[in-house]
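Structural features, examined
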Amino acid sequence: MTASEQTRIAYLQAMGIDVWVRREHVSTSDTEAAVGEVPSVVAASGMPMPAGDVATLDWAALEARVAGCTLCELHRSRTQTVFGVGNRAADWLVIGEAPGADEDRQGEPFVGRAGQLLNEMLRAVGMSREQVFIANILKCRPPRNRDPRPEEEAACTPYLYRQIELLQPKLVLALGRIAAQRLLGTDASLSRLRGSVHTHAATGTPVVVTYHPAYLLRSPAEKRKAWQDLLFACSVASDRA
Ligand code: URA
């Protein structure tokens, strides 16, 4: 089963929709591992994931659920979860990959150097950090900032999808390849994904893709293209006014 199928099934199950899978995909040890922790079920992929009631949680209950989550191994190495921050009535939801060391320490997304650049990028199009909501694909830091693993995404994306439903943003701005590919369920390159309006299949939200600020810190020549992406995102959001 591919990562995007796993994510889709995780979402359907979080919504309380039954998904029938062949028995060999379900592992008993995962079921046992999840018992006694946060309410959970076993996804069709055999991966632990939040229980179906995630789709019914309000902001406060969702934040509490995330704070106590032990569904994947990342809970062992985190300092704290990084739920997301910002305006809960925002038009824009900005989504990165996963917390880094600074975010893990402070419990807030994009607070390090990449976060400072993100703030500048938003300011460049007349927006402030406080005006948008900022979250990540994962709520916990992967050790040494490695890429998220499929089982971590399967456990965590129902939380993100619930955030999208609660927020109902006009636009999701996906920062970088990992966020874009995971949200859109594709392996297409970032350069192919930039410059178009995509749709987040599970929630119907428009998605615009741009470079991750950490990449722009390493490749400042690309900032001009990121600026174009942000202008494009503004025009998409204003069309939905
Ligand atoms: N990079 C991300 O993708 N997210 C953060 O919160 C920080 C750095």
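Because the structure is a prediction, the values reported are computed rather than measured.

Details of the overall build of the protein
- When helices and strands are counted, the protein shows 11 helices and eight strands.
- For the protein, buried positions account for 51% of its 241 residues.
- The contacts of the protein with a sequence gap of at least 6 include a subset with a gap of at least 24, amounting to 70%.

Some details on the site of the ligand
- If you check the shell around the ligand, you find Gly 96, Glu 97, Ala 98, Glu 103, Pro 109, Phe 110, Asn 136 and His 212 and nothing else.
- A distance of 2.8 Å is found between an oxygen atom of the ligand and a backbone nitrogen or oxygen belonging to Glu 97.
- A distance of 2.8 Å separates an oxygen atom of the ligand from a polar side-chain atom of His 212.
- Compared with its free state, where it exposes 240 Å², the ligand has 90% of that area covered by protein.

A short note on the confidence of the model for the protein
- In the predicted model, the protein carries a mean pLDDT of 87, and the fraction of residues at 70 or more is 79%.
- Note on residues 14-37: pLDDT under 50 across the span, and 33 contacts to partners over four residues away in sequence or across chains.

Side note on the packing of aromatic side chains
- Tallied over the full model, the rule gives three aromatic pairs.
- On the basis of an interplanar angle of 80 degrees and a centroid distance of 6.1 Å, the ring pair of Trp 59 and Phe 83 is categorised as edge-to-face. Taken together, the residues Trp 59 in helix H3 (residues 59-67) and Phe 83 in the loop between helix H4 (74-77) and strand E3 (85-86) connect sequence positions 24 residues apart. The residues Trp 59 and Phe 83 share a single accessibility class, namely buried.

Some remarks on the sheet that holds strand E6 (residues 171-175)
- If you walk across this open sheet you meet the six strands as E3-E5-E4-E6-E8-E7, and the pairing is mixed. Each edge of the open sheet carries a strand with a single partner, namely E3 and strand E7 (198-200).
- This element, helix H7 (residues 150-167), spans strand E4 (92-96), strand E5 (133-136), E7 and strand E8 (205-210) of the sheet and lies at about 165 degrees to E5.

As for empty space enclosed by the protein
- In the structure shown here, the tally under the stated rule is one cavity of 30 Å³ or more.
- Each pocket or cavity is described by its volume, and for the largest cavity that value is around 100 Å³.
- Along the wall of the largest cavity there are 16 residues; nearest its centre are Cys 69, Cys 72, Cys 140, Cys 156 and Tyr 159.
- Counting only elements with at least two residues in the lining of the largest cavity, the list comes to H4 and H7.
- At four residues, the largest contribution of residues to the lining of the largest cavity is made by H7.
- Residues of the lining of the largest cavity, tallied by class, amount to 10 nonpolar, three polar and three charged.

Reading the values: rules and limits
Residue positions are counted from 1 within each chain, in the order its sequence is given. It should be noted that, the model being predicted, local features are given only for residues of pLDDT at least 70 and side-chain atom pairs only at 80 or more, the latter also being counted only at that level, while totals for whole chains, interfaces and linings use all residues. Note: side-chain values were computed over all heavy atoms of the structure, leaving out hydrogens and water. To qualify as a helix, a DSSP run of H or I must reach at least 4 residues; to qualify as a strand, a run of E must reach at least 2; elements of each kind are numbered from the N terminus. Only protein chains enter the accessibility calculation, which uses a 1.4 Å probe; a residue whose area is less than 20% of its type maximum is buried, one above 50% is exposed, and one in between is partly exposed. In what follows, a contact means two residues having at least one pair of non-hydrogen atoms within 4.5 Å. The cutoff for a nearby residue is simple: one of its non-hydrogen atoms must lie within 4 Å of the molecule or strand. In protein, a polar contact means a hydrogen-donor-capable atom and an acceptor-capable atom, both N or O and within 3.5 Å, with residues adjacent in sequence counting only if both atoms are side-chain atoms; elsewhere, any N or O pair within 3.5 Å suffices. Accessible surface is estimated by sampling points in the Shrake-Rupley manner with a 1.4 Å probe; for residues, cover comes only from the protein chains shown. Per residue, pLDDT measures the predictor's confidence, with a range of 0 to 100. Pairing of aromatic rings covers Phe, Tyr and the six-membered ring of Trp, with a centre-to-centre limit of 6.5 Å; geometry is then stacked below 30 degrees between planes, edge-to-face above 60, and tilted otherwise. At least two DSSP bridges between two strands are required for those strands to pair. For helices, the fitted line uses only the C-alpha atoms of the stretch in contact; every axis is such a line through C-alpha atoms, and the angle between N-to-C directions lies from 0 to 180 degrees. Think of a 1 Å grid over the protein atoms and nothing else: a 1.4 Å probe that fits but is trapped marks a cavity, an open set flanked by protein within 12 Å on at least five of seven lines marks a pocket, and residues with an atom within 4 Å of a point count as lining. Grid points are joined across faces, edges and corners, and a volume is the space filled by probe spheres set on the points. Gly counts as polar in this scheme, as do all residues outside two lists: the nonpolar Ala, Val, Leu, Ile, Met, Phe, Trp, Tyr, Cys and Pro, and the charged Asp, Glu, Lys and Arg.

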